[in-house]
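Breakdown of the fold
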Amino acid sequence: MATVAAPRRFCRCACFYTDNLYVARYGLHVRFRSEQQLRRDYGPILRSRGCVSAKDFQQLLAELEQEVERRQRLGPESAARKALIASSYHPARPEVYDSLQDAALAPEFLAVAEYSVSPGADLKGLLQRLETVSEEKRIYRVPVFTAPFCQALLEELEHFEQSDMPKGRPNTMNNYGVLLHELGLDEPLMTPLRERFLQPVMALLYPDCGGGQLDSHRAFVVKYAPGQDLELGCHYDNAELTLNVALGKVFTGGALYFGGLFQAPAALTEPLEVEHVVGQGVLHRGGQLHGARPLGTGERWNLVVWLRASAVRNRLCPMCRCEPDLVDDEGFSDGFTREEPTTVDVCALT
């Protein structure tokens, strides 16, 4: 008789409230614990990027304090938005909320996933079924969704965007988009995508980065359009692994670019550029420095899935690079757990 495990409680690292605060005006991620610490650690680079007057610095302080307060409210506010959406929102395309069906997935992606769970599957065989964007950086690409499913999902996302429902920011760097767990798409769409399809693929591609131990995710859609977000600065993800799928629409520009692994943004030279292809997903390590070039024309919508393995991150937080100081939170939170992992991957430890 099969046993069913109790739901796991996921946590954040306390560094979420102090580290990696993004200041778009100066293109900089900072740690913020006090005014004195900020001046000591970032004074020279801030001045070099235009923060020169007392007024500039006070404005920066106010923005950072506001961001810290926003992060402290994030869990309860997100849960409240999700509850209100579940009770009051009327979808335009209710079929996208059905349990994930193979018909939504590209034949190439189904073939990759099927191979990954077949007896004798190995990395060499898998790479014959994927596009290798960069062998050195371990970046790959594969069609993920069919064109009809991309269109249906986009229509639903636009309908939600135009509704009067409350909306949370996708992350600290993107101001426009949708958090899929708030919209109710985690359970029917994203969790099956991770568990049934992505995990066996990632286990072969990235066994040293927790690819076979993925137990949570954070999924969101980002939107780039004139008058809204146009580009994305250099950063790395709060994830062991990342899937980035272009959903549409018609656009020019906005290419992804990649640097090294946990490379300092200031040291980024000769980055690798990757053009978006609608329906196709780019797979990369979360610690790979990356960003997006400015949008030229049109609108670009991308689904981003941060894939997390508590067996890796419980030992070393990928954001502060320290043993995590755990704080209980809602949902999958940032993918940390209080349970001791049975096995430990070394990707984040080296």
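One structure accompanies this document, and this report is about it. Treat the numbers as computed from the prediction; the structure is a model and nothing was measured. (Residues numbered from 1 in each chain as written. Predicted model: local features only at pLDDT ≥ 70, side-chain atom pairs only at ≥ 80, totals over all residues. Heavy atoms only, no water.)

So, about the packing of aromatic side chains. Summed over all chains, the structure comprises seven aromatic pairs. Ring geometry for Phe-16 versus Tyr-17: centroids 5.4 Å apart, planes at 80°, classification edge-to-face. Judged by its relative accessible area of 14%, Phe-16 falls in the buried class. The class of Tyr-17 is buried, set by a relative accessible area of 16%. Over the ring of Phe-16 we find Arg-71; its NZ or CZ atom is 4.8 Å from the centre of that ring. For Arg-129, the ring lying beneath its charged end belongs to Tyr-115, and the centroid distance is 3.9 Å. (Phe/Tyr/Trp six-rings, centres within 6.5 Å; stacked < 30°, edge-to-face > 60°. Buried < 20%, exposed > 50% of the residue type's maximum accessible area, 1.4 Å probe, protein only. Lys NZ or Arg CZ within 6 Å of the ring centre and 35° of its normal.)

On to the sheet that holds strand S1 (residues 10-13), then. Strands sit in the order S17-S1-S18 across an open sheet of three strands; the sheet is antiparallel. In the strand order of this sheet, the two ends are held by strand S17 (326-328) and strand S18 (336-337), each with one partner. In this sheet, S18 lies alongside S1 in antiparallel orientation, the contact comprising two bridges. Considered in S18, the bridge of Phe-10 is made with Thr-337. (Pairing = 2+ DSSP bridges. Helix = DSSP H or I, 4+ residues; strand = E, 2+ residues; numbered from the N terminus.)

Let's shift gears to the packing of helix H3 (residues 107-116) against helix H7 (residues 186-205). Two elements in contact, H3 and H7, have axes whose closest approach is 8 Å; the angle formed by their N-to-C orientations is 65°. With respect to H7, the element H3 is oriented roughly perpendicular. The way H3 lies across H7 gives a crossing that is left-handed. Listed contacts from H7 to Phe-109, Leu-110, Val-112, Ala-113 and Ser-116 of H3 are Leu-193, Phe-197, Leu-198, Pro-200, Val-201 and Leu-204. The class makeup of the residues in the contact of H3 with H7 is 10 nonpolar, one polar and no charged. (Axes fitted to C-alpha atoms, helices over the stretch in contact; angles between N-to-C directions. Parallel < 35°, antiparallel > 145°, perpendicular 65-115°, else oblique. Left-handed = near helix turned anticlockwise from the far one by under 90°. Contact = heavy atoms within 4.5 Å. Nonpolar A, V, L, I, M, F, W, Y, C, P; charged D, E, K, R; others polar.)

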